[in-house]
Amino acid sequence: MSDTPILELRHVSKSYGSVKALTDVSLKAYAGEIIGLVGDNGAGKSSMIKTISGVYTPDEGEILVDGTPRHWRSPHDAIAAGIETLYQDSGLAPDLTIGSNIFLGRELRRRSLLGRLGFLDQRSMESQAMQELEKVGISIGAAKRTVSELSGGQRQAVAIGRAAMWAKHVIILDEPTNHLGARQSIEVLKVMKAARDRGLCVLFISHTLPHVLEVTDRIIVLRLGRIVRDAPTSEFTVESLLGTITGLSQ
Amino acid sequence: MTTDTISDVPAKAPLLDSLRKLLRQDSGLVPVLAALVLLVIYFEIRSSVFLQAANIANLFTQAAVYVLLAMAETWLLLLGEIDLSLGWASTGAGMLAGIYTNVQYGWPWPLAFILGLLAAVLVALVSGFLTVKFRVASFIVTLGMQLVIQGLVIYELDKVFQGGGVPVQDAVLRNLIAGDLTPVWSWVFVVAVIVGLSAITVWKGIRRRSAGLESVAFWKVALRIAVIALVGVFLGFIFSVNRGSFVPVSGIPFAVPIVFLLVGFYSFLLGRTKFGRYMYAIGGNAEAARRAGVPVDRYRIYAFMLGGLTAGIAGLMLISQLGGIASSSTDPSIVLYAVAGAVIGGVSLFGGRGRMVGAVLGGVILAVIKNGLTLIQLSGPAQYIVTGVVLIAAVLVDVLGRRSQQLAK
């Protein structure tokens, strides 16, 4: 773990009209850690990840990636800077194959003359997609199947695999275990750990507190747009975490 | 690692599973082809003329307009959009080409053709721009656009040549439909298509196998090539027969290779390039495409423009087939055939699913219905009814496919 945070927010505020979604939020996230981001509905979790991933621009404050201040004009800028986000509703194109989805927006062309004419290298994309997915712990069979043929759990696996495969610095997972069975949830947690071990910083947003306690190194609690607690996971139990989230006990 | 990973392939009864898979996935062209074969058999039983050389040639040229219109609308439907002005845009394109190749203006045909096509693309560009920029439903924008173009076209048609409409006087424009390849070139074309399609099929299989990916079973490849060859040779023979009543006529009509080339090019764009990949991505999940960095709005406008261009080409075929256009011979409902052809061909109304080849088959089915019903002396009203029933059946297949897909989530 180096000293420079891979991702840093400094005094970030964001409001929609008169509603303050985020107030003076600062955090430092390092490579190789899983950070749990928890809070009640409306606590500002979504606003925070959307600010980090370039969907929103903060009103005040700044975002630094690897020590450099960055400014996102679109989600694409954040992706280019190595920050991958997996939103709650999986961002997959149902009618494209798994391989095509993995490479969506990053298509490979053939290296011959045909490539210059626009031919895509479907073969390489499919086999690379399979290899990379297996590297992050996901085996889904043939890459040629379309996403619409997959079950909910498999879709989520592909989406997570895509984020984990392309993220260079930070991977943001918004409720990745929602709608998943117990066994699949455990697999998702495994993929997160594997991503951390590869030196990524994982931001894990979830309402499922046992999952958060199990997998994270550090937990950040948001309430009404402010960070109210930022401490190592070992300092929390389900009860104390719940108390902090609701504000009934600190 | 692989044993301990995310996967939940359910073990179900294989028959039930494959049936479900057939419904859920893009089951390809099997239902469309089956419908086409059934229609052909029915009409051949009812009328012995149906499969005769003259009628087949007639059928192909009739189909050209429907097929091109269905292909045009496919560009829009793939993105979950629709362009209702395509019918009048195509009529307008044909009209412009007809007017400016007329002796009165005497433009060389390429210029007049380009003018017609440009006009159709421009109309589509405006519709696309309004749809994307102001986030209005394309249905409404193009409904308005359709009325505007209809007015302009009818005004123009009534104005030129003292209300007599535009006759086709240019040889090239007339020969789009009426002209034929010489018998030798017809066979060259047939053989080239058979060899080309077979080579692509085989080559794809070899590449996949050498990459260690799952590949299509050998018997499927062989069957596909056999069917292509059989149909090709059959049509080759049909077209080499003299089908003229007074003067000898034989060979493949020019419209056929033109449509073929266009289908090949569009299929390549959709299936093999980033461009096509983005089209499917946007149609299936525009938000996901946007997040992946696809310039969604720009691609939407491209789809409109390609629809306009293709409709323009359909318009050239239309005026060529009719021998001219007058305001009384315009058909306000051809755009509905465009939508119907695409949907019958398995292009989803909800975006993201469908192939150009499907649109071709859908267009051919429309032509077969029209042609066959005319032969058994059930034209007019019966044609509307049968087309309507086939269309509803196609939409039901689409919706049921979608639904079982959603249930599978």
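What you see as residue numbers is a count from 1 along each chain, following the sequence as written. The naming scheme follows written order: chains are lettered A onward, ligands numbered 1 onward. In view of the model being predicted, local features appear only for residues whose pLDDT reaches at least 70, and side-chain atom pairs are presented and counted only at 80 or more, with totals across whole chains, interfaces and linings using the full set of residues.

Draft legend 1. Region of the structure containing the overall build of chain A. Every helix listed is a DSSP run of H or I at least four residues long, and every strand listed is a run of E at least two residues long, numbered separately from the N terminus. Counting its regular elements, chain A contains 9 helices and 10 strands. Its C-alpha atoms give chain A a radius of gyration of 19 Å, near enough to 18 Å, the size a compact globule of 250 residues would have. Each residue gets a C-beta atom placed from its backbone, and two residues are in contact if those atoms lie within 7 Å. Of the contacts formed within chain A by residues at least 6 apart in sequence, a portion of 68% connects residues at least 24 apart. Between the two quantities, the radius of gyration covers C-alpha atoms and the globule rule is 2.2 Å times the number of residues to the power 0.38.

Draft legend 2. Summary view of the overall build of chain B. Along its length, chain B carries 16 helices and 2 strands. Among the 409 residues that make up chain B, the fraction classed as buried is 42%. Intrachain contacts of chain B at a sequence separation of at least 6 include 78% that bridge at least 24 residues. As a rule, residues whose C-beta atom has 12 or fewer other C-beta atoms within 10 Å are exposed, those with 20 or more are buried, and those in between are partly exposed; C-beta atoms are placed from the backbone.

Draft legend 3. Highlighting the nonpolar core. Residues enter a nonpolar core if they are buried, belong to Ala, Val, Leu, Ile, Met, Phe, Trp, Tyr or Cys, and are joined to the set through C-beta atoms within 7 Å. Counting 181 residues, the largest nonpolar core has V170, V202, L203 and F204 of chain A together with L68, L69 and M317 of chain B as its most contacted members. The greatest single-element share of this core, amounting to 17 residues, is contributed by helix α3 (residues 53–78) of chain B. Leave out the neighbours within four places in its chain, and L68 of chain B touches V259, T310, I313, A314 and M317 of chain B.

Draft legend 4. A look at the sheet that holds strand β5 (residues 68–70) of chain A. Residues and elements named next belong to chain A. The antiparallel open sheet is built from 4 strands, whose spatial order is β2-β1-β4-β5. Each having just a single partner strand, β2 (19–29) and β5 make up the two edges of the open sheet. The average undirected angle you get between the axes of adjacent strands in this sheet is 30 degrees. What makes two strands pair is DSSP finding at least two bridges between them. In this structure, strand β4 (residues 60–65) lies alongside β5, joined through 3 bridges in antiparallel fashion. Pairing of V65 across the sheet is with T68, part of β5. The angle between two axes is taken between their N-to-C directions and runs from 0 to 180 degrees, where each axis is a line fitted to C-alpha atoms and a helix contributes only its stretch in contact.

Draft legend 5. Inspection of helix α7 (residues 182–197) of chain A at higher detail. Residues and elements named next belong to chain A. One less than the residue count of a helix, multiplied by 1.5 Å, gives the span that helix is expected to have. When the terminal C-alpha atoms of α7 are compared, their 23 Å separation across 16 residues agrees well with the 22 Å that a helix rising 1.5 Å per residue should span. Buried residues along α7 sit against β3 (34–39), α6 (152–166), β7 (170–174), β8 (201–205) and α8 (209–215). G199 lies just past α7 and shows a positive phi near 95 degrees.

Draft legend 6. Representation of the sheet that holds strand β6 (residues 83–86) of chain A within the structure. Residues and elements named next belong to chain A. Taking strand neighbours across the sheet as the criterion, the 6 strands line up as β6-β7-β8-β3-β9-β10 in an open arrangement whose pairing is mixed. Each of the sheet's edge strands pairs with one partner strand only, and the pair in question is β6 and β10 (226–232). Taking each pair of neighbouring strands and ignoring which way they run, the sheet shows an average axis angle of 15 degrees. Here strand β9 (residues 218–223) pairs with β10 via 6 bridges, running antiparallel.

Draft legend 7. Structural view of unusual backbone geometry. For D66 of chain A, which is not a glycine, the phi torsion comes out positive at approximately 55 degrees. Checked against the element boundaries, D66 of chain A lands in the loop between β4 and β5. The partly exposed category is assigned to D66 of chain A, around which 17 C-beta atoms lie within 10 Å. The residue R135 of chain B is not glycine, and still its phi comes out positive at about 50 degrees. Structurally, R135 of chain B can be placed in the loop between α5 (109–134) and α6 (138–159).

Draft legend 8. Inspection of the confidence of the model for chain B at higher detail. Residues and elements named next belong to chain B. Confidence of the prediction at every residue is given by pLDDT, a number between 0 and 100. Within chain B, residue pLDDT values average 85, and 89% of them lie at 70 or more. Low confidence marks residues 1–12, where pLDDT is under 50. Its contacts with residues over four positions away, or in another chain, come to 21 contacts. Prediction confidence for the complex, expressed as pTM and ipTM, is 0.83 and 0.74 respectively.

Draft legend 9. Highlighting the environment of V357 of chain B. Structurally, V357 of chain B is set in helix α15 (residues 356–375). Sequence separation of V357 of chain B and G264 of chain B is 93 residues, and the distance between their C-alpha atoms is 8.8 Å.

Draft legend 10. Spatial organisation of the environment of A292 of chain B. On the secondary structure map, A292 of chain B appears in the loop between α12 (286–291) and α13 (296–322). Given 24 C-beta atoms within 10 Å, A292 of chain B falls into the buried group. Here the alpha-carbon distance between A292 of chain B and R209 of chain B, two residues 83 residues apart in the chain, equals 30 Å. Among all residues touching A292 of chain B, those that are not within four sequence positions of it are L104 and G105 of chain A.

Draft legend 11. Seen up close, the packing of helix α2 (residues 30–46) of chain B against α15 of chain B. All names here are of chain B. The contact between α2 and α15 brings their axes to 10 Å, and the two run at 15 degrees. In this view, α2 runs roughly parallel relative to α15, as classed from their interaxial angle. Handedness of the crossing formed by α2 with α15: left-handed. Between α2 and α15, the residues in contact are V32, L33, A35, L36, L39, V40 and F43 and G358, L361, G362, V364, I365, V368, I369, G372 and L375, respectively. Gly is put with the polar residues, along with every residue not named as nonpolar or charged; the nonpolar set is Ala, Val, Leu, Ile, Met, Phe, Trp, Tyr, Cys and Pro, and the charged set is Asp, Glu, Lys and Arg. Each residue belonging to the contact of α2 with α15 can be placed in one class, and the counts come to 13 nonpolar, 3 polar and no charged. Angle categories are assigned with fixed cut-offs, so that under 35 degrees is roughly parallel, over 145 is roughly antiparallel, 65 to 115 is roughly perpendicular, and the rest are oblique. Helix crossings are classified by the rotation of the near helix relative to the far one: an anticlockwise turn of less than a right angle makes the crossing left-handed, while a clockwise turn makes it right-handed.

Draft legend 12. Here's a closer look at the environment of E73 of chain B. All names here are of chain B. Mapped onto the fold, E73 is located in helix α3. For E73, a count of 31 C-beta atoms within 10 Å corresponds to the buried category. Taking the C-alpha atoms as reference, E73 lies 9.8 Å from G87; in sequence the two are 14 residues apart. Once residues lying within four places of it in the same chain are set aside, the contact partners of E73 are D83, L86, G307, A338, V339 and A342.

Draft legend 13. Just the pairing of β4 of chain A, in detail. Residue and element names in this part refer to chain A. By the bridge criterion, 5 bridges tie strand β1 (residues 7–16) to β4 in an arrangement that is antiparallel. By the bridge assignment for β4, L7 is matched with V65. From the end of β4 to the start of β5, which pair antiparallel, there are 2 residues, and D66 there has a positive phi angle of about 55 degrees.

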